[in-house]
Amino acid sequence: MNESIGSPLQIAGILIGVILTAAWLIWVERRMIGIWQDRLGPNRVGPLGLGQVIADMIKIFFKDDWIPPFADKAVFVIAPVIIMVTMLTAFVVVPFAPGIGIIDFNFGLLYFLALSSLAVYSAVLAGYASNNKYALLGALRAAAQTVSYEVFMGLSLMGVVMLSGSFNLREIVEAQRDGWFCISQFFGLLVFLIAAVAESHRSPLDLPEAEQELIAGFHTEYSGMKFGMFFVGEYLGVTLSSAMIVTLFFGGWLGPVLPPLVWFCLKTTIGILFFVLLRAALPRPRYDQLMMFGWKVMLPIALVNLVATGGVALWLES
Amino acid sequence: MNIAAVITSQFRSLWTVLQHTFTKADTVEYPEEMPALFPRYRGRIVLTRDPDGVERCVACNLCAVACPVDCIALQKAEDEHGRWYPEFFRINFSRCIMCGFCEEACPTYSIQLTPDFEMCEYDRQNMVYEKEDLLIDGTGKYHDYNFYRVSGKSIGGKDKGEAENEGEPIDIKSLLP
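Here is what the cut-offs are and how they apply
Throughout, a residue's number is its position along its own chain's written sequence, starting from 1. Written order determines the labels here, with chains lettered from A and ligands numbered from 1. Two thresholds apply to this predicted model, a pLDDT of at least 70 for residue-level local features and 80 or more for giving and counting side-chain atom pairs, whereas whole-chain, interface and lining totals are computed over all residues. Values shown for side chains rest on all heavy atoms present in the structure; no hydrogens or waters enter the calculation. Between rings of Phe, Tyr and Trp, where Trp is taken as its six-membered ring, a pair exists when centres lie within 6.5 Å; planes separated by under 30 degrees are stacked, by over 60 edge-to-face, and by other angles tilted. Every helix listed is a DSSP run of H or I at least four residues long, and every strand listed is a run of E at least two residues long, numbered separately from the N terminus. With a 1.4 Å probe rolled over the protein chains alone, any residue whose accessible area is under 20% of its type maximum counts as buried; one over 50% counts as exposed, and the rest are partly exposed. To form a nonpolar core, buried Ala, Val, Leu, Ile, Met, Phe, Trp, Tyr and Cys residues must be joined to one another through side-chain atoms within 4.5 Å. Whether two residues are in contact is decided by their heavy atoms: any pair within 4.5 Å suffices. Buried area adds together the accessible area that both of two parts lose upon being put together, with accessible area traced by a 1.4 Å probe. Should a side-chain nitrogen of Lys or Arg be within 4 Å of a carboxyl oxygen of Asp or Glu, the pair is scored as a salt bridge. Here a polar contact means two N or O atoms within 3.5 Å. Within protein one must be a hydrogen donor candidate and the other an acceptor candidate, and residues neighboring in sequence count only if both atoms are side-chain atoms. Amino acids are sorted into nonpolar (Ala, Val, Leu, Ile, Met, Phe, Trp, Tyr, Cys and Pro), charged (Asp, Glu, Lys and Arg) and polar (every other residue, Gly among them). To estimate how far a helix should reach, multiply one less than its number of residues by 1.5 Å. Bend, at a single residue, is the angle you get between axes fitted to the 7 residues ending at that residue and the 7 residues starting at it. A fitted line through C-alpha atoms serves as each axis, taken over the contacting stretch for helices, and the angle formed by two N-to-C directions is quoted from 0 to 180°. Working rule for angles: under 35 degrees goes down as roughly parallel, over 145 as roughly antiparallel, 65 to 115 as roughly perpendicular, anything else as oblique.

Trainee: Where do I start with the packing of aromatic side chains in this structure?
Mentor: For any pair of aromatic rings, geometry is given as the distance between the ring centres together with the angle between the planes. Scanning the model with the defined rule gives 19 aromatic pairs over all chains in all. Aromatic pair A:Phe218 and A:Phe230: ring centres 5.3 Å apart, planes at 70°, arrangement edge-to-face. With A:Phe218 in the loop between helix H10 (211-214) and helix H11 (224-249) and A:Phe230 in helix H11, the pair connects residues that are 12 residues apart, well separated along the chain. We note that A:Phe218, like A:Phe230, is buried. Centre to centre, the rings of B:Tyr109 and B:Tyr142 are 3.8 Å apart; their planes meet at 10°, and the pair counts as stacked. Residue B:Tyr109 is found in the loop between helix H3 (101-105) and strand S4 (111-113), and its partner B:Tyr142 is found in the loop between helix H4 (131-134) and helix H5 (147-150); the two are separated by 33 residues along the sequence. Judged by its relative accessible area of 34%, B:Tyr109 is partly exposed. Among the aromatic residues, those joined into a cluster by ring pairs are A:Phe76, A:Phe218, A:Tyr222 and A:Phe230.

Encoded structure:
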């Protein structure tokens, strides 16, 4: 039952809402990190500094759209488009509320995993096309990081699939009526959270673009709106990850009194703020530490969680 | 054991940072809210006058020598009483680093730094202050000090031995007490 449930108006609303959210996250992040570091953050443009994003956008649109002469032009141009496209198309399956969404896929979860791993092409191609040492190093790191963390990102979600018996995101949400999966799948949540941070290249796992080591990593050579697309793509990734964490582990739109959509947005906001808090608080690990942590700690936890969940599920059934 | 410590420290730092949601920001929002500056703050440089209203500077050049960025330029001149004064006195504030060495070097408390830093200009040439821009009417931080009244230097109207707290000069070539 791959049915489309969104009217064109709804689709446009979701698209605009998601892009605006991602753009304003720039302000949210700078403001929240400011608060947590006992500063104020941007507060000059408009009320509370909310107009900062508009000012930034105007600036970035009028910048010289420069392509380095040594770059591979076609690939260089297409790389930032990929991250925007994959992140936006992944939002197709996000179940905002009953009846609100774009498409209801039976394989929604797999679709999300596939598109979130496609996003790595953006980083790899950008680093390759830039023809720059630092960009290439960033791209290599992005590739290695994604390959490692992709493995248990999928495995950590299989516990959820076992408990709900479906890959359909709406059915997964409905399966959490009598208890959110963040309790029964606590380790799954932990592993997925860390993998999601790594997938969206967010600090503390932002090794592909580590400023202190690699200038800006894979997008070193980018400027103007192409850089802006990487930037917004990253925030789209954060929004998407938060939405998926809420859907899979925190009962999606479920909640008392308030309407479902409000519950979903509220929980997603808290998820996004947690991502920002992670960036404000934690230092970046070394590259080999990241790899070791992924393969020697996260993967075993994901596997043990998978086996244990399967055992308990079978035991409860018999 | 080590791993447990590592993991708890991550959560502890998350919690510590989260608690800062409720602490007040240290930022002083400058143009609206002026920061409190102390009298000995090192800002714009002035040339002061002594209590009689005569300029204190004796054009000794010590400030220009002490200046690490060579932003002070002056020329000595002498009036009819034999008193030294600067013919011109120029400070290039686009070079000045407000280190205060000139103030420390000054033997007459003439050059002084003030608690004022709002001296932006659109034209770089306007950052060069001439003597008439630098000279103020007051005594600055030292109200009673007058160099020529306490120093042994003889000028017109005040010979050697006539300064405050000063005895008659001793004739070292004489044996008489």
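Trainee: Sorry, what's going on with the nonpolar core here?
Mentor: Soluble globular proteins: nonpolar side chains tend toward being buried together. Core analysis: the biggest nonpolar cluster contains 85 residues, and A:Phe192, A:Met244, A:Leu248 and A:Phe249 have the highest contact counts within it. Considering every element that reaches this core, the biggest residue donor is H11(A), with 12 residues. Formed by 23 residues, the second largest nonpolar core is a distinct cluster that contains B:Ala59, B:Cys67, B:Ile91 and B:Met127.

Trainee: Would you mind showing me how to read the interface of chain A and chain B here?
Mentor: Many authors give the size of an interface as the accessible area that is lost as the parts come together. Counting from both sides, the interface comprises 13 residues of chain A and, opposite them, 14 residues of chain B. Between chain A and chain B, roughly 1,200 Å² of surface is buried when both sides are summed, and carbon and sulfur atoms account for 62% of that area. On the chain A side of the interface with chain B, the three residues burying the most area are A:Trp36, A:Asp38 and A:Arg44, jointly 42% of the side's total. Where chain A touches chain B, the interface holds 2 salt bridges. Remark: the boundary between chain A and chain B carries 7 residue pairs in polar contact (both at pLDDT 80 or more). Only helix H1 (8-36) and helix H12 (260-281) of chain A provide two or more residues apiece to the side of chain A that touches chain B. The element best represented in the side of chain A that touches chain B is H12(A), accounting for 5 residues. Residues belonging to the side of chain A that touches chain B are distributed by class as follows: 9 nonpolar, 1 polar and 3 charged.

Trainee: What's the story with helix H13 (residues 287-317) of chain A in this structure? I'm lost.
Mentor: Residues and elements named next belong to chain A. Compared with the 45 Å implied by 1.5 Å per residue over 31 residues, the 43 Å span of H13 between its first and last C-alpha is a close match. Gly 294 marks the point of greatest bend in H13, at about 30°. Those residues of H13 lying buried are Leu 290, Met 291, Gly 294, Met 298, Leu 299, Ala 302, Asn 305, Leu 306, Thr 309 and Gly 310. Contacts from the buried residues of H13 go to helix H6 (133-164) and helix H9 (186-199).

Trainee: Would you mind going over the packing of H9(A) against H11(A) with me for this structure?
Mentor: Each pair of packed helices can be summarised by the angle the axes make with each other and by the distance between the axes. Residue and element names in this part refer to chain A. Running from N to C, H9 and H11 point in directions that differ by 170°, and their axes come no closer than 11 Å. The angle between H9 and H11 falls in the class roughly antiparallel. Judged by residue contacts, Gly 188, Leu 189, Phe 192, Leu 193 and Ala 196 of H9 engage Ser 241, Met 244, Ile 245, Leu 248 and Phe 249 from H11. Split by residue class, the contact of H9 with H11 holds 8 nonpolar, 2 polar and no charged.

Trainee: Would you explain unusual backbone geometry in this entry?
Mentor: In terms of backbone geometry, most residues other than glycine have negative phi values and most peptide bonds are trans. Backbone geometry places A:Leu48, a non-glycine residue, at a positive phi of 60°. Locating A:Leu48 in the fold gives a position in the loop between H1 and helix H2 (52-61). Even without being glycine, B:Met98 reaches a positive phi, approximately 55°. Inspection of the secondary structure puts B:Met98 in the loop between strand S3 (84-92) and H3.

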